[in-house]
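Chain residues, written in single-letter form:
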Amino acid sequence: MIERQAMDIDYDTGYFVTRTARAFMRVAEAQLRPLGLGVAHIPVLVCLAEEGALTQTEIAQRTHVEQPTAAALLQRMDKAGLIERSPDPRDRRATRIRLSARAEKLMPRALELLGQSNDEATAGLSAKEIETLHGLLRRVLANLAAMTDEQR
């Protein structure tokens, strides 16, 4: 029988990344709640602000979520008055989704709040350390993406 070693969470990358991500989410949710926004809305809002009207499929692809997840999120965003839907002039079967005037008004404040929390979270780190942190996390993310791609 192989003896299993206990996991030392003080040296477990996944543990620290998960714990950090959850802490970021809690802070962001608390900051965005008074605006009537949630963390899940932000990637969609930014995507639409940068690219203009998109289909649900395009939004799902660009925000790296599955179609059913995107559909449910967009339905909630529609009810909250954050997006507007219109027929796609090039494809009658498709719907184009764009930011509502309400979302356009809320976005600058939401992004400002999230920027402030990022600044506070990285307080005491130099610009070089932050750049290094981002580079390391990009590499870890790429490794994880390759692992999931290989399993498909």
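Here, the structure is the one placed above.
These remarks concern the structure in this document. (Residues numbered from 1 in each chain as written. Predicted model: local features only at pLDDT ≥ 70, side-chain atom pairs only at ≥ 80, totals over all residues. Heavy atoms only, no water.)

### Details of helix 3 (residues 56-63)
The complete set of buried residues in helix 3 reads I59, A60 and T63. One side of helix 3 holds all its buried residues, which, seen down the axis, span an arc of 100°. Buried residues belonging to helix 3 abut helix 2 (41-51), helix 4 (67-79) and strand 2 (91-99). One or two residues past the end of helix 3 sits H64, with phi positive at roughly 60°. (Buried < 20%, exposed > 50% of the residue type's maximum accessible area, 1.4 Å probe, protein only. Helix = DSSP H or I, 4+ residues; strand = E, 2+ residues; numbered from the N terminus. Arc of directions from axis to C-beta. Contact = heavy atoms within 4.5 Å.)

### Overview of unusual backbone geometry
A positive phi angle, close to 60°, is found at H64, a residue other than glycine. Looking at the element boundaries, H64 is found in the loop between helix 3 and helix 4.

### With respect to the pattern of salt bridges
Inspection of every chain in the model, using the stated rule, returns 9 salt bridges. Taking the shortest distance from any N to any O, the salt bridge between E84 and R98 comes out at 2.0 Å. Placement of the pair is E84 in strand 1 (residues 83-88) and R98 in strand 2, with a sequence separation of 14 residues. R93 is the salt-bridge partner of D91, the closest N and O atoms lying 3.1 Å from each other. A single salt-bridge network, built from bridges that share partners, covers E58, D88, R90 and R96. (Salt bridge = Lys/Arg side-chain N within 4 Å of Asp/Glu carboxyl O.)

### Overview of the packing of aromatic side chains
Enumeration over the complete set of coordinates arrives at 1 aromatic pair. Between Y15 and F16 the ring centres are 5.3 Å apart and the planes differ by 70°, which places this aromatic pair in the edge-to-face class. What makes Y15 partly exposed here is its relative accessible area of 28%. The exposure class of F16 is partly exposed, given its relative accessible area of 37%. (Phe/Tyr/Trp six-rings, centres within 6.5 Å; stacked < 30°, edge-to-face > 60°.)

### Some thoughts on the layout of surface pockets
Space inside the largest pocket adds up to approximately 1400 Å³. What lines the largest pocket is a set of 36 residues, among which V17, A21, F24, M25 and L137 lie closest to the centre. Every element with two or more residues in the lining of the largest pocket is listed here: helix 1 (13-32), helix 2, helix 4, helix 5 (101-121) and helix 6 (127-151). In terms of residues, the lining of the largest pocket owes the most to one element, helix 1, which gives 9 residues. (1 Å grid on protein atoms, 1.4 Å probe; cavity = no way out; pocket = protein on both sides within 12 Å on 5 of 7 lines; lining within 4 Å. Points joined across faces, edges and corners; volume = space filled by probe spheres on them.)

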